[in-house]
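Okay, here's what each chain looks like letter by letter:
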Amino acid sequence: MKKIAILGSTGSIGTQTLDVVRANDDLEIVGLSAGNNIDKLEEQIREFHPRLAAVWNEDAARDLAVRVQDLDVKIVSSMDGLLELARMEEADILVTAIVGMIGIRPTMEAIRAGKDIALANKETLVTAGHLIMPLARKMNVQILPVDSEHSAVFQAIHGEKKEQIHKLLITASGGPFRGRKTAELRKVTLEDTLKHPNWVMGQKITVDSATLVNKGLEVMEARWLFDVDLDHIQVVVQPQSIIHSMVEFEDGAVIAQLGTPDMRLPIQYALCYPDRRYLAGDRLDFRTLKQITFEEPDMETFQGLPMAIEAARKGGSMPTVFNAANELAVKKFLQRKIGFLDIYDIIGQSMERHTLVREPDLDQILEIEKETYQWIESRW
Ligand SMILES: NC(=O)C1=CN([C@@H]2O[C@H](COP(=O)(O)OP(=O)(O)OC[C@H]3O[C@@H](n4cnc5c(N)ncnc54)[C@H](OP(=O)(O)O)[C@@H]3O)[C@@H](O)[C@H]2O)C=CC1
Ligand SMILES: CC(=O)[C@@H](O)[C@H](O)COP(=O)(O)O
Ligand SMILES: [Mn+2]
């Protein structure tokens, strides 16, 4: 039995992780967690019988504790609760399906407790990769990628020698506005932005896909996961999201991972690694598959990607500023307080005013996040 705790079990990745658990008899849930959605969490507790459930919102946690008092489950809340879930003795692996850099502390807590990590929460690695990767090596725990592109790379390099990797080719759908120019983006609505061409995902990552911030975060995520420098990571637009990413090796051979856009595959691969299990659902049919096309990303229009690369090249605390500014900007966009292009302005101006800290520790990262938020709030 592999025992699993999920950080963010009520979201898109969290619920698909539970689908994978339902389909595999040797996977067992021992811990679940949510931000606010205790209706869904209660359903999950009644079905999976975890020993521990964490809820961020303290009032919601109290409410949930009353609702499930007939069951043998401990309810905890706030950051202390997430940390308790992260280090829970019964778990072998933590699925980080929470959204945002709030995942940093629980992820580090789990690693310190010797848990493997199935990592979906890219914001954590982007902002604290320099702390997390050495800690994982020290604790001898595995960081198993769940993000589809990184899972594809992970599958493509399986059995290969690291020093023979020449280039990572990270694919991008281009988002719902692929082909449009800046003037046309001025008027796009929230509804337009939330229509991803290929994937059904949480709202924050769906907006990030439209701005190409998601691809920028993924370049930084890839750099930490695979220890490949930025000059050897290339983004390729592959509008059908059939090729999930590719790796070019020293001899010029390119190995790609293809599949339908279904996150259950990378989730299951991470949870059962190195096994491949049967997965029910649609398969690619190459007799009817019309086309797989490629394009260059439009870096002039979709500034999320070049700004992320700039943040990555500056390094130190700049990826934290990039990410924190984006998290708050997306929140404001989802609340209809700002327009689509304001997201770029908020990130760009936040980065411009920031004085770089070279090797920020955890407290400095969290302080820079807070300070970036305060500065943005005072202007937008
Ligand atoms: N969805 C996808 O297909 C993919 C997602 N990812 C990454 O995975 C992560 C999750 O994305 P996704 O599943 O789409 O996001 P969702 O918004 O669908 O889900 C987020 C989850 O995090 C929980 N959560 C949010 N804030 C807190 C908090 N303060 N404390 C505890 N739990 C909290 C939510 O709980 P509640 O619902 O109760 O608020 C929910 O369970 C992101 O980092 C994303 O970039 C990567 C690749 C693909
Ligand atoms: C499913 C997944 O991994 C997402 O990160 C997806 O890649 C988003 O698509 P694009 O950012 O390529 O539009
Ligand atoms: Mn992805």
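These numbers were taken from a predicted model, which means no experiment stands behind them.

1. Things to note about the site of ligand 1
Around ligand 1 there are 25 residues in total, and Thr 10, Ser 12, Asn 36, Asn 37 and Glu 123 lie nearest to it. Thr 10 places a side-chain nitrogen or oxygen 2.7 Å from an oxygen atom of ligand 1. Here an oxygen atom of ligand 1 and a backbone polar atom of Ile 13 are 2.9 Å apart. Alone, ligand 1 offers 900 Å² of accessible surface; in the complex the protein occludes 86% of this. For the shell around ligand 1, the secondary structure elements donating two or more residues are α1 (12-23) and α6 (122-139). Tallied by class, residues from the shell around ligand 1 come to 12 nonpolar, 10 polar and three charged.

2. Some remarks on the nonpolar core
Of all hydrophobic cores here, the largest spans 124 residues; its most connected members are Leu 168 and Phe 322. Considering each element in turn, this core owes the most residues, nine residues, to helix α14 (residues 318-334). Among all residues touching Leu 168, those that are not within four sequence positions of it are Val 153, Ala 222, Phe 226, Val 228, His 232, Ile 233, Gln 234, Met 246 and Val 247.

3. Overview of the sheet that holds strand β10 (residues 243-249)
Pairing within the open sheet is mixed, and its four strands lie in the order β9-β8-β10-β11. In this open sheet, the two strands that pair with only one neighbour each are β9 (233-237) and β11 (254-258). Averaged over all neighbouring strand pairs, the angle between strand axes comes to 20°, with direction disregarded. With five bridges joining them, strand β8 (residues 165-172) and β9 adopt parallel strand pairing. Considered in β9, the bridge of Leu 168 is made with Ile 233.

4. Quick notes on the coordination of the manganese ion (ligand 3)
Taken together, the protein donors to the manganese ion (ligand 3) comprise Asp 147 (OD), Glu 149 (OE) and Glu 218 (OE), at separations of 2.0 to 2.2 Å. Read in sequence order, the donor residues for the manganese ion (ligand 3) give the motif D-x1-E-x68-E. With Glu 149 in helix α7 (residues 148-156) and Glu 218 in helix α11 (residues 213-226), the pair connects residues that are 69 residues apart, well separated along the chain. For the pair Glu 149 and Glu 218, one class covers both residues: buried.

5. What to know about the UniProt feature "domain: 1-deoxy-D-xylulose 5-phosphate reductoisomerase C-terminal" (unreviewed entry) in the protein chain
Mapped onto the present numbering, the UniProt feature "domain: 1-deoxy-D-xylulose 5-phosphate reductoisomerase C-terminal" (unreviewed entry) falls on residues 143-226. Helix makes up 48% of residues 143-226 and strand 13%, whereas the separation of the span's terminal C-alpha atoms amounts to 10 Å.

6. Section: the site of ligand 2
Near ligand 2 lie 15 residues; those nearest to it are Ser 148, Glu 149, Ser 173, His 196 and Asn 214. Ser 209 has a polar side-chain atom sitting 3.1 Å from an oxygen atom of ligand 2. A distance of 2.8 Å separates an oxygen atom of ligand 2 from a polar atom in the side chain of Asn 214. Relative to its free-state accessible area of 350 Å², ligand 2 is covered by the protein chains to the extent of 97%. Of all the secondary-structure elements, those providing two or more residues to the shell around ligand 2 are α7, α10 (203-211) and α11. A class-by-class count of the residues in the shell around ligand 2 yields five nonpolar, five polar and five charged.

Criteria and cut-off values
- Residues numbered from 1 in each chain as written.
- Chains lettered and ligands numbered in written order.
- Predicted model: local features only at pLDDT ≥ 70, side-chain atom pairs only at ≥ 80, totals over all residues.
- Heavy atoms only, no water.
- Near = heavy atom within 4 Å.
- Polar contact = N/O pair within 3.5 Å; in protein donor to acceptor, adjacent residues only side chain to side chain.
- Areas by Shrake-Rupley, 256 points an atom, 1.4 Å probe, with all protein chains shown as cover.
- Helix = DSSP H or I, 4+ residues; strand = E, 2+ residues; numbered from the N terminus.
- Nonpolar A, V, L, I, M, F, W, Y, C, P; charged D, E, K, R; others polar.
- Core = buried A, V, L, I, M, F, W, Y, C linked by side-chain atoms within 4.5 Å.
- Buried < 20%, exposed > 50% of the residue type's maximum accessible area, 1.4 Å probe, protein only.
- Contact = heavy atoms within 4.5 Å.
- Pairing = 2+ DSSP bridges.
- Axes fitted to C-alpha atoms, helices over the stretch in contact; angles between N-to-C directions.
- Donors = N, O, S within 2.8 Å, 3.2 Å for Na, K, Ca; no water.
- UniProt positions renumbered as here; feature names shortened; annotations may be inferred.

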